[in-house]
Amino acid sequence: MRSGLLSRRNVVFGTAGLAAAVGYGASKLAGTVVRRGMPIDRLMPGKAVSGSVGFGLSGAAGARDALASRRGAPFLLHVWATWCPPCRHELPGLAAFMKAWGADCPVIPVAVSSGSPDDIQAFLTRNDVVGLPAWTVTGEDLKMLSGNGALAIPVTFLIDNAGRVRATAAGSLDWAGPGAADAVRRVLAATTASAAP
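Residues numbered from 1 in each chain as written. Predicted model: local features only at pLDDT ≥ 70, side-chain atom pairs only at ≥ 80, totals over all residues. Heavy atoms only, no water.

**Q** What's the story with the overall build of the chain in this structure? I'm lost.
**A** For the chain, the count of helices and strands is 5 helices and 7 strands. Mapped in sequence order, the helices and strands of the chain form the string α-β-β-β-α-β-α-β-α-β-β-α. Within the chain, the fraction of its 197 residues that count as buried is 44%. (Helix = DSSP H or I, 4+ residues; strand = E, 2+ residues; numbered from the N terminus. Buried < 20%, exposed > 50% of the residue type's maximum accessible area, 1.4 Å probe, protein only.)

**Q** Got a minute to help me understand the side chain of Thr-82 in this structure?
**A** Within the secondary structure layout, Thr-82 lies in the loop between strand S3 (75–80) and helix H2 (85–101). Leave out the neighbours within four places in its chain, and Thr-82 touches Arg-88, Ser-114, Ile-120 and Phe-123. (Contact = heavy atoms within 4.5 Å.)

**Q** In this structure, what is going on with helix H3 (residues 117–126)? I would like to understand it.
**A** Residues that lie three or four places apart on an α-helix share one face, since the helix turns once every 3.6 residues. Those residues of H3 not exposed but buried are Pro-117, Ile-120, Phe-123 and Leu-124. Down the axis of H3, the sector holding all buried residues measures 115 degrees, keeping them to one side. When the buried face of H3 is taken as reference, the exposed residues oriented beyond 90 degrees from it are Thr-125 and Arg-126. Those residues of H3 hidden inside the fold are in contact with strand S1 (56–58), S3, H2, strand S4 (107–111) and strand S5 (135–136). (Arc of directions from axis to C-beta.)

**Q** I'm lost on the pairing of strand S6 (residues 155–159) in this one. Help?
**A** Within a regular strand, side chains alternate between the sheet's two faces. The element S6 is largely enclosed, with a buried count of 5 among its 5 residues. The alternating pattern of S6 places Val-155, Phe-157 and Ile-159 and Thr-156 and Leu-158 on opposite faces, both of which are buried. Judged from the 5 bridges that link them, S3 and S6 form a sheet pairing that is antiparallel. Residue pairing across strands places Phe-75 opposite Ile-159, the latter belonging to S6. Relative to strand S7 (residues 165–170), S6 runs antiparallel, the two sharing 5 bridges. By the bridge assignment for S7, Phe-157 is matched with Thr-168. Adjacent in sequence and paired antiparallel, S6 and S7 are bridged by 5 residues, among which Gly-163 carries a positive phi angle near 85 degrees. (Pairing = 2+ DSSP bridges.)

**Q** Hey, could you run me through the nonpolar core in this one?
**A** Leu-77 and Ile-153 are the most contacted members of the largest nonpolar core, which has 54 residues in total. Mapped onto this core, the elements with two or more residues apiece are S3, H2, S4, H3, helix H4 (139–146), S6, S7 and helix H5 (180–195). Of all the elements, H2 adds the most residues to this core, at 7 residues. (Core = buried A, V, L, I, M, F, W, Y, C linked by side-chain atoms within 4.5 Å.)

**Q** Please explain the packing of aromatic side chains as it appears in this structure.
**A** Two aromatic rings, taken as a pair, are described by how far apart their centres are and by the angle between their planes. For the coordinates displayed, the defined rule picks out 3 aromatic pairs. The interplanar angle of 40 degrees and the centroid separation of 5.7 Å between the aromatic rings of Phe-97 and Trp-101 together place this pair among those described as tilted. One end of the pair, Phe-97, and the other, Trp-101, are both in helix H2, 4 residues apart, so they sit about a helical turn from each other. Each member of the pair, Phe-97 together with Trp-101, is buried. Look at Phe-97 and Trp-175: their rings are 5.3 Å apart centre to centre, the planes differ by 55 degrees, and that puts the pair in the tilted class. Of this pair, Phe-97 sits in helix H2 while Trp-175 sits in the loop between S7 and H5, and the two are 78 residues apart along the sequence. For the pair Phe-97 and Trp-175, a shared accessibility class is recorded, and that class is buried. Through successive ring pairs, a cluster of aromatic residues spans Phe-97, Trp-101 and Trp-175. It is Arg-185 that lies over the ring of Trp-101; its NZ or CZ is 4.6 Å from the centre. (Phe/Tyr/Trp six-rings, centres within 6.5 Å; stacked < 30°, edge-to-face > 60°. Lys NZ or Arg CZ within 6 Å of the ring centre and 35° of its normal.)

**Q** What am I meant to see in the state of the cysteines here?
**A** The term disulfide refers to a covalent linkage connecting the sulfur atoms of a pair of cysteines. What the rule picks out here adds up to 1 disulfide. Shown here is the disulfide that connects Cys-84 with Cys-87, its sulfur atoms set 2.5 Å apart. Residues Cys-84 and Cys-87 share a disulfide whose torsion about the S-S bond is about 75 degrees; that sign makes it right-handed. Looking at Cys-84, the relative accessible area reads 0%, which means it is buried. Given the relative accessible area of 0%, Cys-87 is considered buried. (Disulfide = S-S within 2.5 Å.)

Structure, rendered in structure tokens:
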């Protein structure tokens, strides 16, 4: 394995460890495994922890986009994988959240180590996850966000209007919870305010 590259094995081990920790902690608190994700407010902005992130995205049917095109407004970059059980559980809530928000939704879901965009679109269709874009990103591009280390997924990054990572939430988020849209608005407003001169 080449050093510096995000490998599926590192992502798998990171995901398995995170899932075990979240499941164990939830079962100790509630007597059963709680399947709701963390509050979205966990993404409140702190100091920038990266330079500008602008890598490209590949989509189904040859679609292309780039994170650099999002500059000027903060957004959430949500990384998931088809083989990740917590991700699979989270996807329907995320898809419903994005549908309810509308075309200008500030969440960009991207799959990693999951095959081609067309493979991902087929996975979403088979699992009745409607409206979630089939964007993919390479592990090479993600290493900037993960500091060249293992990346536990799902993970969501808060990216500011200059393209810098300002917060990270490892694990599922509560996209379907009451007030989820308001929480995203608060996080984005705080990011915009903290970026002002």
